[in-house]
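Working through the structure, step by step
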Amino acid sequence: MKYLFFLILTMLCFSCNNDTASLKVQNKVHNVRLESINWGDYPIAYSLITGETSEEYVIEDKAGTFPKINKLKFLMVGNGKQVYLETKAYYQLDADQTLTIVVSDTTAVTNPAK
């Protein structure tokens, strides 16, 4: 009976695929604030001023679907105006990785509404 319990417990441990990874965003765009920052469907930060880095956002994946690949989406706010933007680049996040996405003056972005 002990061996059966041990076997079942071992099988449960090996069948639990619980991968995690984390993501941060850094705003290096001069004189603007980034708001409503999302990486795909993951809400990373509410607002970042120039020079600020978001807290680490941990993604837990029980389905084992890493790597995850998404664009960064955000509102850029400055001089009383705002525009919705997405990065042209996709960012890949692998299991057990900490990814920092830096948005700077030279980051290629697009406004999908236009």
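Residues numbered from 1 in each chain as written. Predicted model: local features only at pLDDT ≥ 70, side-chain atom pairs only at ≥ 80, totals over all residues. Heavy atoms only, no water.

**Some words on the overall build of the protein chain**
When you go through the protein chain residue by residue, the secondary structure sums to 1 helix and 10 strands. Walking the protein chain from its N terminus toward its C terminus, one meets helices and strands in the order α-β-β-β-β-β-β-β-β-β-β. Burial statistics for the protein chain: of 114 residues in total, 33% are counted as buried. Here the contacts in the protein chain between residues at least 6 apart in sequence split such that 61% fall between residues at least 24 apart. Total accessible area on the protein chain stands at roughly 7600 Å², and carbon and sulfur atoms take up 55% of it. (Helix = DSSP H or I, 4+ residues; strand = E, 2+ residues; numbered from the N terminus. Buried < 20%, exposed > 50% of the residue type's maximum accessible area, 1.4 Å probe, protein only. Contact = heavy atoms within 4.5 Å. Areas by Shrake-Rupley, 256 points an atom, 1.4 Å probe, with all protein chains shown as cover.)

**Section: the pairing of strand E6 (residues 72-78)**
On a regular strand, each side chain points to the face opposite its neighbour's, so the side chains alternate between the two faces of the sheet. Most of E6 is tucked away, with 5 of its 7 residues classed as buried. Bridge count for strand E2 (residues 33-39) against E6 is 5 bridges, and the pairing is antiparallel. Directly across from glutamate 35, in E6, lies its bridge partner leucine 75. As judged from the 6 bridges shared by E6 and strand E7 (residues 81-87), these two strands associate in the antiparallel manner. From the neighbouring strand, valine 77 faces E7, where its bridge partner is glutamine 82. With antiparallel pairing between neighbouring strands as the criterion, E6 and E7 make up a hairpin whose turn holds 2 residues, including asparagine 79 at a positive phi of roughly 55 degrees. (Pairing = 2+ DSSP bridges.)

**Some details on the sheet that holds E7**
Ordered by their spatial adjacency, 5 strands build an open sheet running E3-E2-E6-E7-E10, and the pairing between neighbours is antiparallel. Only two strands of the sheet have a single partner each, and these edge strands are strand E3 (42-48) and strand E10 (109-110).

**Considering the side chain of lysine 71**
With respect to the helices, strands and loops of the structure, lysine 71 is situated in the loop between strand E5 (68-70) and E6. Buried within the structure, lysine 71 lacks any salt-bridge partner; glutamate 86 is the closest side chain of opposite charge, at an N-O distance of 4.0 Å. Ignoring sequence-local partners within four residues, the contact set of lysine 71 consists of Asn38, Trp39, Gly40, Glu86, Thr87, Lys88, Ala89 and Tyr90. (Lys, Arg positive; Asp, Glu negative; His and termini not counted. Salt bridge = Lys/Arg side-chain N within 4 Å of Asp/Glu carboxyl O.)

**A few points about the environment of asparagine 79**
Its place among the elements puts asparagine 79 in the loop between E6 and E7. For asparagine 79, a relative accessible area of 81% puts it in the exposed group.

**Points about the packing of aromatic side chains**
Applying the stated criterion across every chain, the model contains 2 aromatic pairs. Measuring from ring centre to ring centre gives 5.7 Å for tryptophan 39 and tyrosine 42, while their planes differ by 25 degrees; the resulting arrangement is stacked. Three or more aromatic residues link up through ring pairs in this structure, and these residues are Trp39, Tyr42 and Tyr57. In this structure, lysine 68 packs its charged tip against the face of phenylalanine 66, placed 5.4 Å from the ring centre. (Phe/Tyr/Trp six-rings, centres within 6.5 Å; stacked < 30°, edge-to-face > 60°. Lys NZ or Arg CZ within 6 Å of the ring centre and 35° of its normal.)

These results come straight from atomic positions and should not be treated as a statement about function.
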